[in-house]
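So the chains spell out like this:
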Amino acid sequence: MTTNATHPTPSTYLAEPLTVGDPDLAGPLAVFPLLGPAPRQPYISFADGRTRGVAIKELESGASVNDLLIQNGADTPVLLFEGEEVLGAQQNRTFDVTVLVAAGAVLQVPVTCVEIGRWDPRRHAESFMPAPQTAYPELRRAKSRQVREQVAAGMEARASQSAVWENVEAKSSRHGSRSRTGAMHDVFEARRRHLDELNRAVKLHDSQLGALVAIGGQFAILDLVSRPGVFAALHRPLVQGYALDALEAGDTKVPSIEDARGFLLLVSGVNVSERDGIGLGRELRFAADGVAGSGLVTGDELIQLTAYPESEDPVSDQPRISGGHIRRPSTRRNPGR
């Protein structure tokens, strides 16, 4: 793998700045839509690709808890989104990183299990199905930090399987979910009626590329893909994940649009490190100025970006907030890991 010695920012790979719209509100959940430049790189979502020859399966040589095989029989690349969950085969998994799989390619991708109590070899030959939800932001943020630490240590971009199981078990306990196999999916199923109530209040907007999400008055996650059609396919699963975390929040305060713009500016201007991706493009990683996360670039275009608050102050997870407003990025930056 190669690493870029310079440290560009996400905005380096945007033809024009991202903009943020007024939020959709659902109890403690506030979802600000993100808009941006017209996309250039063609690709489809896994959900849309299933009817076009895209399949995800266990490894042919023998199933591995932390690896899956994607066979892209479509005539265009397919995007596997970080945190996206797939159901079936020997056990349910989530993707550890975002991968853009070339047309016609067969690729092994890193995953983590989110169903500790099932390992069913009888279902080895099954193809995976897209789940109605992604992983929730709390888990995705923890996985992102684990992957970043692995990469910084010169290792593969993988999350900690034991830590993921512990997180899902704790989430299940807090939500009072009972699951014979300890499946994250069953936590969502147990709360589906409440999740759908929140989901209905969060609309998909014309040309929307992403979302900046606040839970209980605090920014929790920013998700972005470059193609509105792909974001449309991910929208409901992502909102289901946001809503599961929101069910544990009591505060219904909403950050101002000015603070949302400030957070977006902060993420757009953070220094990133680069290295070759597993599939097409280059992975971005960053942890500076109170935000952390990852992304994917092909050529000079930002394809995907996910960011979280990552405060240097362990008491607060909100980056550089003063008097209710997010400060502009400092001139002194720490390179992303």
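Because the structure is a prediction, the values reported are computed rather than measured.

### A closer look at the pairing of strand β14 (residues 218–225)
Turning to step 1, where the next piece is worked out: By the criterion of burial, β14 is predominantly enclosed, with 7 of the 8 residues buried.
Turning to step 2, where the next piece is worked out: Across 6 bridges, the pairing between strand β13 (residues 210–215) and β14 is antiparallel. When the sheet's bridge partners are listed, Val213 is paired in β14 with Ile221.
Turning to step 3, where the next piece is worked out: Counting the residues that bridge the hairpin from β13 to β14 gives 2 residues, and of these Gly216 lies at a positive phi of roughly 60 degrees.
Turning to step 4, where the next piece is worked out: Note: β14 against strand β18 (residues 301–309), 4 bridges, orientation antiparallel. Bridging from a neighbouring strand, Leu224 pairs with Leu305 of β18.

### What about the sheet that holds strand β10 (residues 99–101)?
Turning to step 1, where the next piece is worked out: Across the sheet, 3 strands lie side by side as β4-β7-β10; this open sheet has mixed pairing. Strands at the two margins of the open sheet, each flanked by one partner only, are β4 (44–45) and β10.
Turning to step 2, where the next piece is worked out: Looking at chain direction, strand β7 (residues 78–80) and β10 are connected through 3 bridges and run antiparallel. Bridge pairing links Leu80 to Val99 in β10.

### Concerning the sheet that holds strand β11 (residues 106–113)
Turning to step 1, where the next piece is worked out: In space, the 6 strands of this open sheet follow the order β5-β6-β11-β9-β8-β12, with antiparallel pairing throughout. Here the strands that pair on one side only, and so sit at the sheet edges, are β5 (54–57) and β12 (129–134). The average angle at which neighbouring strand axes cross in this sheet is 40 degrees, direction not considered.
Turning to step 2, where the next piece is worked out: Sitting on the sheet, helix α6 (residues 228–246) touches β8 (84–87) and β12, and the angle it makes with β12 is about 45 degrees.

Scoring rules and cut-offs
- Residues numbered from 1 in each chain as written.
- Predicted model: local features only at pLDDT ≥ 70, side-chain atom pairs only at ≥ 80, totals over all residues.
- Heavy atoms only, no water.
- Buried < 20%, exposed > 50% of the residue type's maximum accessible area, 1.4 Å probe, protein only.
- Helix = DSSP H or I, 4+ residues; strand = E, 2+ residues; numbered from the N terminus.
- Pairing = 2+ DSSP bridges.
- Axes fitted to C-alpha atoms, helices over the stretch in contact; angles between N-to-C directions.
- Contact = heavy atoms within 4.5 Å.

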